[in-house]
Amino acid sequence: MNFERIKEKLNILADAAKYDVSCSSSGSKRTNTNKGLGDSSGMGICHSYTEDGRCVSLLKILLTNHCIFDCAYCVTRKSNDVKRTAFKIQEVVDLTINFYRRNYIEGLFLSSGIFKSPDYTMERLVAVAKKLREEENFNGYIHLKSIPGASDELMYEAGLYADRLSVNIEIPTISGLKLLAPDKKHEDFTKPMLKVKNELIRYKNERKIIKSTPKYAPAGQSTQMIVGATGETDKDIMYSATHFYKNYNMKRVYYSGYVPVANDKRLPSIGSQVPMLRENRLYQTDWLLRFYGFAVNEIVNDSHPNLDTDIDPKLSWALRNLHYFPVDINKADKRMLARIPGLGMQSVGKILNARKFRKLNWDHLKKIGVALNRAKYFIVCDSRHWEQRDLDAERIKGMILQNSSGKFRNQYSSQLSLFN
Ligand code: SF4
(Lines give C-alpha, C1' and ligand atoms only; values in the text may rest on other atoms or scores of the structure.)
Protein backbone atom coordinates (compact mmCIF):
# COMPACT_ATOMS: atom_id res chain seq x y z
CA MET A 1 0.00 0.00 0.00
CA ASN A 2 1.35 3.44 -0.91
CA PHE A 3 0.76 5.27 2.39
CA GLU A 4 1.43 8.76 1.06
CA ARG A 5 -1.07 8.26 -1.74
CA ILE A 6 -3.69 6.84 0.66
CA LYS A 7 -3.09 9.70 3.08
CA GLU A 8 -3.68 12.21 0.33
CA LYS A 9 -6.90 10.48 -0.72
CA LEU A 10 -8.00 10.36 2.88
CA ASN A 11 -7.45 14.09 3.29
CA ILE A 12 -9.55 14.90 0.24
CA LEU A 13 -12.32 12.37 0.73
CA ALA A 14 -12.74 12.80 4.49
CA ASP A 15 -12.89 16.57 4.04
CA ALA A 16 -15.57 16.26 1.35
CA ALA A 17 -17.63 13.96 3.59
CA LYS A 18 -17.85 16.38 6.50
CA TYR A 19 -20.93 18.12 5.09
CA ASP A 20 -23.05 15.05 5.76
CA VAL A 21 -24.34 15.05 9.33
CA SER A 22 -26.52 11.97 9.07
CA CYS A 23 -24.04 9.64 10.73
CA SER A 24 -25.49 8.96 14.15
CA SER A 25 -25.07 5.27 14.82
CA SER A 26 -27.63 4.60 17.51
CA GLY A 27 -30.11 1.78 17.29
CA SER A 28 -28.12 -1.07 15.84
CA LYS A 29 -27.92 -4.42 17.58
CA ARG A 30 -25.47 -6.36 15.44
CA THR A 31 -23.61 -8.66 17.82
CA ASN A 32 -20.36 -10.47 17.38
CA THR A 33 -21.44 -14.10 17.15
CA ASN A 34 -18.84 -15.43 14.73
CA LYS A 35 -15.67 -14.49 16.62
CA GLY A 36 -15.19 -11.78 14.04
CA LEU A 37 -13.96 -8.25 14.36
CA GLY A 38 -15.93 -5.56 16.16
CA ASP A 39 -19.32 -5.38 17.80
CA SER A 40 -21.83 -2.61 17.24
CA SER A 41 -24.31 -3.81 19.84
CA GLY A 42 -25.12 -2.59 23.35
CA MET A 43 -23.39 0.65 24.10
CA GLY A 44 -23.36 1.42 20.34
CA ILE A 45 -20.77 3.61 18.82
CA CYS A 46 -19.07 6.41 20.67
CA HIS A 47 -19.64 9.77 19.03
CA SER A 48 -17.50 12.82 18.92
CA TYR A 49 -18.36 16.16 17.41
CA THR A 50 -16.30 18.79 15.72
CA GLU A 51 -16.47 22.38 16.88
CA ASP A 52 -19.35 23.13 14.56
CA GLY A 53 -21.30 20.19 15.97
CA ARG A 54 -20.80 17.64 13.24
CA CYS A 55 -20.44 13.99 14.09
CA VAL A 56 -17.05 12.50 13.25
CA SER A 57 -17.04 9.35 15.32
CA LEU A 58 -16.92 6.88 12.46
CA LEU A 59 -14.42 6.66 9.65
CA LYS A 60 -16.41 9.04 7.54
CA ILE A 61 -15.32 9.24 3.93
CA LEU A 62 -16.47 9.42 0.34
CA LEU A 63 -15.55 6.62 -2.01
CA THR A 64 -14.95 9.33 -4.59
CA ASN A 65 -15.48 13.05 -5.00
CA HIS A 66 -15.88 12.72 -8.76
CA CYS A 67 -19.49 13.44 -9.66
CA ILE A 68 -21.46 13.58 -12.88
CA PHE A 69 -24.08 15.85 -11.26
CA ASP A 70 -23.92 19.54 -10.55
CA CYS A 71 -25.98 20.23 -7.41
CA ALA A 72 -25.37 23.89 -6.64
CA TYR A 73 -25.10 23.42 -2.84
CA CYS A 74 -22.48 20.66 -3.00
CA VAL A 75 -18.73 21.01 -2.81
CA THR A 76 -18.38 17.86 -4.93
CA ARG A 77 -20.47 19.19 -7.87
CA LYS A 78 -18.85 18.62 -11.25
CA SER A 79 -18.41 22.34 -12.01
CA ASN A 80 -16.42 22.95 -8.81
CA ASP A 81 -12.70 23.28 -9.34
CA VAL A 82 -11.40 20.90 -6.67
CA LYS A 83 -8.86 18.13 -6.65
CA ARG A 84 -10.58 14.80 -7.43
CA THR A 85 -9.70 11.32 -6.34
CA ALA A 86 -11.25 7.94 -5.59
CA PHE A 87 -10.57 5.02 -3.28
CA LYS A 88 -10.41 1.50 -4.59
CA ILE A 89 -12.78 -0.91 -2.88
CA GLN A 90 -9.95 -2.79 -1.18
CA GLU A 91 -8.40 0.47 0.07
CA VAL A 92 -11.55 1.36 2.02
CA VAL A 93 -11.72 -2.15 3.45
CA ASP A 94 -8.07 -2.02 4.53
CA LEU A 95 -8.43 1.46 6.03
CA THR A 96 -11.49 0.45 8.02
CA ILE A 97 -9.84 -2.66 9.40
CA ASN A 98 -6.57 -0.87 10.20
CA PHE A 99 -8.31 2.04 11.93
CA TYR A 100 -10.56 -0.31 13.80
CA ARG A 101 -7.64 -2.40 15.06
CA ARG A 102 -5.94 0.78 16.27
CA ASN A 103 -9.11 1.74 18.13
CA TYR A 104 -9.49 4.95 16.13
CA ILE A 105 -13.00 4.12 14.99
CA GLU A 106 -15.96 1.94 15.76
CA GLY A 107 -17.27 1.70 12.25
CA LEU A 108 -17.58 3.15 8.79
CA PHE A 109 -19.74 5.87 7.26
CA LEU A 110 -19.36 5.60 3.52
CA SER A 111 -20.84 8.01 1.02
CA SER A 112 -19.87 8.94 -2.51
CA GLY A 113 -20.13 11.29 -5.43
CA ILE A 114 -21.64 9.63 -8.48
CA PHE A 115 -19.19 8.31 -11.02
CA LYS A 116 -20.52 6.97 -14.31
CA SER A 117 -24.03 6.20 -12.98
CA PRO A 118 -25.93 5.73 -9.72
CA ASP A 119 -25.83 1.92 -10.06
CA TYR A 120 -22.14 1.80 -10.92
CA THR A 121 -21.40 3.78 -7.76
CA MET A 122 -23.84 1.93 -5.53
CA GLU A 123 -22.39 -1.39 -6.63
CA ARG A 124 -19.02 -0.29 -5.30
CA LEU A 125 -20.41 0.91 -1.98
CA VAL A 126 -22.15 -2.42 -1.51
CA ALA A 127 -18.96 -4.27 -2.47
CA VAL A 128 -17.06 -2.52 0.35
CA ALA A 129 -19.66 -3.52 2.94
CA LYS A 130 -19.88 -7.07 1.59
CA LYS A 131 -16.11 -7.56 1.74
CA LEU A 132 -15.98 -6.19 5.27
CA ARG A 133 -18.69 -8.53 6.47
CA GLU A 134 -17.90 -11.66 4.51
CA GLU A 135 -14.13 -11.59 4.06
CA GLU A 136 -13.02 -9.66 7.15
CA ASN A 137 -15.76 -10.87 9.53
CA PHE A 138 -16.28 -7.25 10.50
CA ASN A 139 -19.18 -6.77 12.92
CA GLY A 140 -18.65 -3.06 13.54
CA TYR A 141 -21.13 -0.44 12.47
CA ILE A 142 -21.59 0.34 8.77
CA HIS A 143 -23.65 3.24 7.51
CA LEU A 144 -23.98 3.33 3.73
CA LYS A 145 -25.24 6.37 1.93
CA SER A 146 -27.48 5.22 -0.86
CA ILE A 147 -27.04 6.87 -4.19
CA PRO A 148 -30.20 8.60 -5.47
CA GLY A 149 -31.51 6.66 -8.44
CA ALA A 150 -29.88 3.34 -7.44
CA SER A 151 -31.80 0.21 -8.45
CA ASP A 152 -34.02 -1.80 -6.11
CA GLU A 153 -31.70 -4.82 -6.38
CA LEU A 154 -28.71 -2.85 -5.08
CA MET A 155 -30.76 -1.22 -2.32
CA TYR A 156 -31.83 -4.68 -1.25
CA GLU A 157 -28.26 -5.95 -1.19
CA ALA A 158 -27.02 -2.88 0.68
CA GLY A 159 -29.41 -3.59 3.55
CA LEU A 160 -28.03 -7.09 3.98
CA TYR A 161 -24.59 -5.72 4.93
CA ALA A 162 -25.17 -2.23 6.32
CA ASP A 163 -26.55 -1.35 9.73
CA ARG A 164 -28.07 1.84 8.47
CA LEU A 165 -28.95 3.16 5.02
CA SER A 166 -29.65 6.74 4.16
CA VAL A 167 -30.73 8.62 1.07
CA ASN A 168 -30.33 12.31 1.62
CA ILE A 169 -33.26 14.33 0.39
CA GLU A 170 -31.00 17.42 0.74
CA ILE A 171 -33.48 20.09 -0.36
CA PRO A 172 -36.76 19.97 1.58
CA THR A 173 -39.05 21.11 -1.24
CA ILE A 174 -39.51 19.78 -4.77
CA SER A 175 -39.30 23.31 -6.22
CA GLY A 176 -36.01 23.93 -4.37
CA LEU A 177 -34.63 20.65 -5.68
CA LYS A 178 -35.53 21.59 -9.27
CA LEU A 179 -33.80 24.91 -8.85
CA LEU A 180 -30.56 23.70 -7.25
CA ALA A 181 -30.20 20.08 -8.37
CA PRO A 182 -31.76 19.89 -11.85
CA ASP A 183 -30.10 16.50 -12.55
CA LYS A 184 -32.10 14.87 -9.76
CA LYS A 185 -35.74 13.93 -9.62
CA HIS A 186 -37.79 13.60 -6.45
CA GLU A 187 -38.40 9.90 -7.24
CA ASP A 188 -34.64 9.30 -7.26
CA PHE A 189 -34.85 9.68 -3.47
CA THR A 190 -38.25 8.27 -2.72
CA LYS A 191 -37.91 5.06 -4.76
CA PRO A 192 -34.87 3.71 -2.86
CA MET A 193 -36.45 4.86 0.42
CA LEU A 194 -39.60 2.95 -0.39
CA LYS A 195 -37.61 -0.17 -1.26
CA VAL A 196 -35.77 -0.02 2.08
CA LYS A 197 -39.03 0.58 3.95
CA ASN A 198 -40.70 -2.44 2.31
CA GLU A 199 -37.70 -4.68 3.00
CA LEU A 200 -37.58 -3.56 6.64
CA ILE A 201 -41.23 -4.51 7.05
CA ARG A 202 -40.82 -7.79 5.18
CA TYR A 203 -37.80 -8.88 7.22
CA LYS A 204 -39.46 -7.88 10.48
CA ASN A 205 -42.51 -9.98 9.65
CA GLU A 206 -40.41 -12.94 8.56
CA ARG A 207 -38.44 -12.81 11.79
CA LYS A 208 -41.66 -13.21 13.72
CA ILE A 209 -42.13 -16.59 12.03
CA ILE A 210 -38.52 -17.70 11.45
CA LYS A 211 -36.27 -16.46 14.23
CA SER A 212 -33.09 -17.11 12.23
CA THR A 213 -34.06 -14.67 9.44
CA PRO A 214 -31.03 -12.40 8.99
CA LYS A 215 -31.32 -8.75 9.90
CA TYR A 216 -31.92 -6.16 7.24
CA ALA A 217 -30.48 -2.68 7.94
CA PRO A 218 -31.08 -3.14 11.70
CA ALA A 219 -30.55 0.55 12.49
CA GLY A 220 -33.13 1.53 9.85
CA GLN A 221 -32.93 4.36 7.37
CA SER A 222 -32.36 8.06 7.77
CA THR A 223 -32.22 11.16 5.63
CA GLN A 224 -30.75 14.64 5.79
CA MET A 225 -32.10 18.03 4.74
CA ILE A 226 -30.01 21.08 4.14
CA VAL A 227 -31.43 24.10 5.95
CA GLY A 228 -31.16 27.63 4.63
CA ALA A 229 -29.95 26.98 1.07
CA THR A 230 -33.33 27.89 -0.41
CA GLY A 231 -36.11 30.10 0.93
CA GLU A 232 -38.12 27.35 2.58
CA THR A 233 -39.82 28.08 5.91
CA ASP A 234 -39.48 25.97 9.04
CA LYS A 235 -43.04 24.88 8.33
CA ASP A 236 -41.97 23.52 4.90
CA ILE A 237 -39.06 21.68 6.51
CA MET A 238 -41.04 20.14 9.37
CA TYR A 239 -43.96 19.12 7.13
CA SER A 240 -41.48 17.45 4.82
CA ALA A 241 -39.76 15.69 7.76
CA THR A 242 -43.14 14.50 9.07
CA HIS A 243 -43.97 13.12 5.63
CA PHE A 244 -40.75 11.09 5.57
CA TYR A 245 -41.16 9.79 9.14
CA LYS A 246 -44.70 8.72 8.40
CA ASN A 247 -44.43 7.30 4.91
CA TYR A 248 -40.92 5.84 4.81
CA ASN A 249 -40.38 4.53 8.36
CA MET A 250 -37.50 6.97 8.85
CA LYS A 251 -35.52 6.40 12.00
CA ARG A 252 -34.08 9.89 11.93
CA VAL A 253 -34.25 13.03 9.87
CA TYR A 254 -31.15 15.22 10.20
CA TYR A 255 -31.11 18.96 9.65
CA SER A 256 -27.89 20.47 8.41
CA GLY A 257 -27.38 24.23 8.27
CA TYR A 258 -26.17 25.18 4.79
CA VAL A 259 -22.44 25.85 4.68
CA PRO A 260 -21.88 28.30 1.78
CA VAL A 261 -19.60 26.58 -0.73
CA ALA A 262 -20.39 28.42 -3.98
CA ASN A 263 -20.68 31.86 -5.48
CA ASP A 264 -24.09 31.28 -6.98
CA LYS A 265 -26.91 33.80 -7.14
CA ARG A 266 -29.41 31.10 -6.13
CA LEU A 267 -27.63 30.52 -2.80
CA PRO A 268 -26.52 32.50 0.27
CA SER A 269 -23.15 34.06 -0.54
CA ILE A 270 -19.84 32.65 0.69
CA GLY A 271 -19.14 33.99 4.16
CA SER A 272 -22.83 33.97 5.19
CA GLN A 273 -23.37 32.49 8.62
CA VAL A 274 -24.28 28.83 8.91
CA PRO A 275 -27.77 28.83 10.52
CA MET A 276 -26.77 26.76 13.55
CA LEU A 277 -29.46 28.16 15.85
CA ARG A 278 -32.15 27.42 13.30
CA GLU A 279 -30.76 23.89 12.97
CA ASN A 280 -30.99 23.52 16.75
CA ARG A 281 -34.62 24.71 16.86
CA LEU A 282 -35.55 22.22 14.12
CA TYR A 283 -34.01 19.38 16.13
CA GLN A 284 -35.99 20.48 19.20
CA THR A 285 -39.18 20.49 17.13
CA ASP A 286 -38.37 17.07 15.70
CA TRP A 287 -37.98 15.82 19.29
CA LEU A 288 -41.35 17.30 20.32
CA LEU A 289 -43.06 15.57 17.40
CA ARG A 290 -41.48 12.18 18.02
CA PHE A 291 -41.50 11.98 21.81
CA TYR A 292 -43.81 14.62 23.28
CA GLY A 293 -47.00 13.97 21.35
CA PHE A 294 -47.15 17.28 19.47
CA ALA A 295 -48.65 17.46 15.99
CA VAL A 296 -46.64 19.39 13.44
CA ASN A 297 -49.36 22.03 12.86
CA GLU A 298 -49.34 22.91 16.56
CA ILE A 299 -45.73 24.03 16.32
CA VAL A 300 -45.57 25.52 12.80
CA ASN A 301 -48.53 26.61 10.70
CA ASP A 302 -49.62 29.35 8.32
CA SER A 303 -49.80 31.98 11.03
CA HIS A 304 -46.52 30.82 12.60
CA PRO A 305 -44.40 29.48 9.69
CA ASN A 306 -41.00 29.96 11.32
CA LEU A 307 -39.73 28.88 14.72
CA ASP A 308 -38.76 31.53 17.22
CA THR A 309 -35.05 31.88 17.65
CA ASP A 310 -35.10 33.43 21.12
CA ILE A 311 -37.18 30.72 22.82
CA ASP A 312 -37.53 26.98 22.34
CA PRO A 313 -40.51 25.62 20.37
CA LYS A 314 -42.33 24.18 23.40
CA LEU A 315 -42.23 27.46 25.27
CA SER A 316 -43.32 29.23 22.10
CA TRP A 317 -46.32 26.88 21.77
CA ALA A 318 -47.26 27.37 25.43
CA LEU A 319 -47.15 31.16 25.14
CA ARG A 320 -49.43 31.01 22.11
CA ASN A 321 -51.81 28.69 23.99
CA LEU A 322 -52.05 30.15 27.46
CA HIS A 323 -55.70 29.06 27.67
CA TYR A 324 -54.44 25.50 28.41
CA PHE A 325 -52.64 26.73 31.54
CA PRO A 326 -52.12 26.60 34.47
CA VAL A 327 -51.88 22.81 34.55
CA ASP A 328 -52.37 21.06 37.88
CA ILE A 329 -49.26 18.93 38.39
CA ASN A 330 -51.16 16.62 40.73
CA LYS A 331 -54.02 15.91 38.34
CA ALA A 332 -52.94 16.40 34.71
CA ASP A 333 -52.53 13.42 32.38
CA LYS A 334 -49.19 12.46 30.84
CA ARG A 335 -49.94 14.21 27.54
CA MET A 336 -50.58 17.55 29.20
CA LEU A 337 -47.64 17.24 31.61
CA ALA A 338 -45.37 16.73 28.60
CA ARG A 339 -46.53 20.09 27.21
CA ILE A 340 -45.40 22.14 30.18
CA PRO A 341 -42.27 24.20 29.42
CA GLY A 342 -39.40 23.11 31.64
CA LEU A 343 -40.54 19.48 31.92
CA GLY A 344 -38.71 16.75 30.03
CA MET A 345 -40.17 13.27 29.61
CA GLN A 346 -37.97 11.98 32.42
CA SER A 347 -39.49 14.52 34.83
CA VAL A 348 -42.97 13.63 33.57
CA GLY A 349 -42.32 9.97 34.44
CA LYS A 350 -41.00 10.89 37.88
CA ILE A 351 -44.01 13.11 38.59
CA LEU A 352 -46.48 10.40 37.59
CA ASN A 353 -44.68 7.98 39.85
CA ALA A 354 -44.20 10.31 42.84
CA ARG A 355 -47.78 11.55 42.95
CA LYS A 356 -49.03 8.01 43.62
CA PHE A 357 -47.67 8.53 47.12
CA ARG A 358 -48.16 12.22 47.88
CA LYS A 359 -49.32 15.53 46.55
CA LEU A 360 -46.38 17.35 44.99
CA ASN A 361 -45.28 20.86 45.91
CA TRP A 362 -42.54 23.21 44.65
CA ASP A 363 -39.85 21.47 46.71
CA HIS A 364 -40.77 18.06 45.35
CA LEU A 365 -40.71 19.42 41.80
CA LYS A 366 -37.31 21.00 42.33
CA LYS A 367 -35.91 17.68 43.59
CA ILE A 368 -37.41 15.87 40.59
CA GLY A 369 -35.41 18.20 38.33
CA VAL A 370 -38.17 20.37 36.86
CA ALA A 371 -36.80 23.64 35.41
CA LEU A 372 -38.98 25.82 37.64
CA ASN A 373 -37.67 29.07 36.18
CA ARG A 374 -39.80 28.22 33.14
CA ALA A 375 -42.42 25.82 34.50
CA LYS A 376 -43.61 28.06 37.36
CA TYR A 377 -45.64 30.29 35.01
CA PHE A 378 -47.62 27.34 33.69
CA ILE A 379 -48.41 25.12 36.68
CA VAL A 380 -50.18 24.85 40.03
CA CYS A 381 -49.21 22.34 42.67
CA ASP A 382 -49.69 21.65 46.36
CA SER A 383 -48.14 24.89 47.58
CA ARG A 384 -49.71 28.00 48.98
CA HIS A 385 -47.62 30.35 46.88
CA TRP A 386 -47.61 30.29 43.14
CA GLU A 387 -46.73 32.65 40.37
CA GLN A 388 -49.05 35.48 39.55
CA ARG A 389 -51.54 34.39 36.94
CA ASP A 390 -52.41 37.72 35.33
CA LEU A 391 -49.25 37.87 33.20
CA ASP A 392 -49.64 37.97 29.45
CA ALA A 393 -47.48 35.97 27.02
CA GLU A 394 -45.04 38.80 26.26
CA ARG A 395 -44.46 39.48 29.93
CA ILE A 396 -43.89 35.80 30.77
CA LYS A 397 -41.46 35.50 27.86
CA GLY A 398 -39.59 38.58 29.01
CA MET A 399 -39.28 37.32 32.58
CA ILE A 400 -38.10 33.89 31.46
CA LEU A 401 -35.47 35.40 29.16
CA GLN A 402 -34.40 37.84 31.82
CA ASN A 403 -33.69 35.01 34.26
CA SER A 404 -32.17 32.76 31.66
CA SER A 405 -28.46 32.10 31.48
CA GLY A 406 -28.82 30.71 27.96
CA LYS A 407 -26.26 31.55 25.33
CA PHE A 408 -28.80 33.41 23.20
CA ARG A 409 -29.92 35.77 25.91
CA ASN A 410 -27.41 38.49 25.02
CA GLN A 411 -28.77 38.74 21.51
CA TYR A 412 -32.06 39.84 22.97
CA SER A 413 -30.81 42.16 25.66
CA SER A 414 -32.49 45.14 24.00
CA GLN A 415 -35.85 43.36 24.12
CA LEU A 416 -35.23 42.32 27.70
CA SER A 417 -34.71 45.86 28.81
CA LEU A 418 -38.40 46.45 28.09
CA PHE A 419 -39.20 44.23 31.06
CA ASN A 420 -36.84 45.81 33.56
S1 SF4 B 1 -25.08 14.05 -6.67
FE2 SF4 B 1 -24.41 14.19 -4.54
S3 SF4 B 1 -22.19 14.36 -4.65
FE4 SF4 B 1 -22.95 14.79 -6.71
S5 SF4 B 1 -23.14 17.01 -6.77
FE6 SF4 B 1 -25.15 16.22 -6.15
S7 SF4 B 1 -25.10 16.22 -3.88
FE8 SF4 B 1 -22.97 16.41 -4.63
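On a predicted model such as this, the values are computed, not experimentally measured, just so you know. (Residues numbered from 1 in each chain as written. Predicted model: local features only at pLDDT ≥ 70, side-chain atom pairs only at ≥ 80, totals over all residues. Heavy atoms only, no water.)

Looking now at the sheet that holds strand β2 (residues 107–111). Reading across from one edge, β1-β2-β3-β4-β5-β6 is the order of the 6 strands in this open sheet, with parallel pairing throughout. Of all strands in the sheet, those bounded by a partner on one side alone are β1 (59–62) and β6 (250–257). Taking the axes of each pair of neighbouring strands and ignoring which way they run, one obtains an average angle of 20° across the sheet. By the bridge criterion, 4 bridges tie β1 to β2 in an arrangement that is parallel. Counterpart to I61 in the pairing with β2 is L110. Set on the sheet, helix α2 (residues 89–101) makes contact with β1 and β2; between it and β1 the angle comes to about 165°. (Pairing = 2+ DSSP bridges. Helix = DSSP H or I, 4+ residues; strand = E, 2+ residues; numbered from the N terminus. Axes fitted to C-alpha atoms, helices over the stretch in contact; angles between N-to-C directions. Contact = heavy atoms within 4.5 Å.)

Glancing now at the packing of helix α3 (residues 118–134) against helix α4 (residues 152–161). Relative orientation of the contacting elements α3 and α4 amounts to 25°, with a least axis distance of 9 Å. Classed by the angle they form, the pair α3 and α4 counts as roughly parallel. Of the two elements, α3 crosses α4, and the hand of that crossing is left-handed. Contacts from D119, M122, E123, V126, A129, K130, R133 and E134 in α3 reach L154, M155, E157, A158 and Y161 in α4. Looking at side-chain class alone, the contact of α3 with α4 contains 7 nonpolar, no polar and 6 charged residues. (Parallel < 35°, antiparallel > 145°, perpendicular 65-115°, else oblique. Left-handed = near helix turned anticlockwise from the far one by under 90°. Nonpolar A, V, L, I, M, F, W, Y, C, P; charged D, E, K, R; others polar.)

To continue, consider the pairing of β6. Among the 8 residues in β6, 7 count as buried, and that is most of the element. With 7 bridges connecting them, strand β5 (residues 221–227) and β6 associate as parallel partners. Paired with M225 across the bridge in β6 is Y255. (Buried < 20%, exposed > 50% of the residue type's maximum accessible area, 1.4 Å probe, protein only.)

On to empty space enclosed by the protein. Per the counting criterion, the structure on display carries 1 cavity of 30 Å³ or more. If you add up the space inside the largest cavity, you get close to 540 Å³. Around the largest cavity, the lining comprises 31 residues; the ones closest to its centre are Y73, C74, T76, K145 and E170. Elements with a contribution of two residues or more to the lining of the largest cavity: α1 (3–17), β5 and β6. For the lining of the largest cavity, the class distribution of residues is 16 nonpolar, 9 polar and 6 charged. (1 Å grid on protein atoms, 1.4 Å probe; cavity = no way out; pocket = protein on both sides within 12 Å on 5 of 7 lines; lining within 4 Å. Points joined across faces, edges and corners; volume = space filled by probe spheres on them.)

This part takes up α2. Along its 13 residues, α2 runs 19 Å from first to last C-alpha, staying within 8% of the 18 Å computed at 1.5 Å per residue. If you check which residues of α2 are buried, you get E91, V92, V93, L95, T96, I97, F99 and Y100. Buried positions along α2 lie against α1, β1, β2 and α3. Following α2 by one or two positions, N103 has its phi on the positive side, about 70°. (Expected span 1.5 Å × (residues − 1).)

Our next topic: the site of the ligand. In the vicinity of the ligand, the residues found are C67, F69, C71, C74, R77, G113, I114 and K184. Here the ligand is seated within the largest cavity. By residue class, the composition of the shell around the ligand is 5 nonpolar, 1 polar and 2 charged. (Near = heavy atom within 4 Å. Sits in = over half its atoms within 2 Å of the grid points.)

A separate point is the packing of α4 against helix α6 (residues 186–209). Axis angle and axis distance: for two packed helices, these are the angle between their axes and the distance between the axes, and together they describe the pair. Closest axis-to-axis distance for the α4/α6 pair is 9 Å, and the angle between their directions is 50°. As judged from the angle between their axes, α4 and α6 are oblique. Here α4 runs over α6; the crossing is right-handed. Along the contact surface, α4 presents D152, M155, Y156 and L160, while α6 presents K191, P192, K195, V196, E199, R202 and Y203. Of the residues that constitute the contact of α4 with α6, the class distribution is 6 nonpolar, no polar and 5 charged.

Attention now moves to helix α7 (residues 234–248). Compared with an ideal rise of 1.5 Å per residue, which puts 15 residues at 21 Å, α7 spans 21 Å between its outermost C-alpha atoms and is within 8% of the ideal. For α7, the complete set of buried residues consists of D234, I237, M238, S240, A241, F244, Y245 and Y248. Buried positions in α7, seen along its axis, are confined to an arc of 160° and lie on one side of it. In this fold, the buried residues of α7 make contact with α6, β5, β6, α8 (276–291) and α9 (296–299). Immediately downstream of α7, the backbone of N249 shows phi near 50°, a positive value. (Arc of directions from axis to C-beta.)

Under the counting rule described, the total for this entry stands at 13 aromatic pairs. Look at W317 and F325: their rings are 6.0 Å apart centre to centre, the planes differ by 80°, and that puts the pair in the edge-to-face class. Ring pairing ties together the aromatic residues F294, W317, Y324, F325 and F378, which thus form one cluster. Over the aromatic face of F294 sits the side chain of R339, whose NZ or CZ is 4.2 Å from the ring centroid. We note R339 situated over the ring of W317; from NZ or CZ to the ring centre the distance is 5.0 Å. (Phe/Tyr/Trp six-rings, centres within 6.5 Å; stacked < 30°, edge-to-face > 60°. Lys NZ or Arg CZ within 6 Å of the ring centre and 35° of its normal.)

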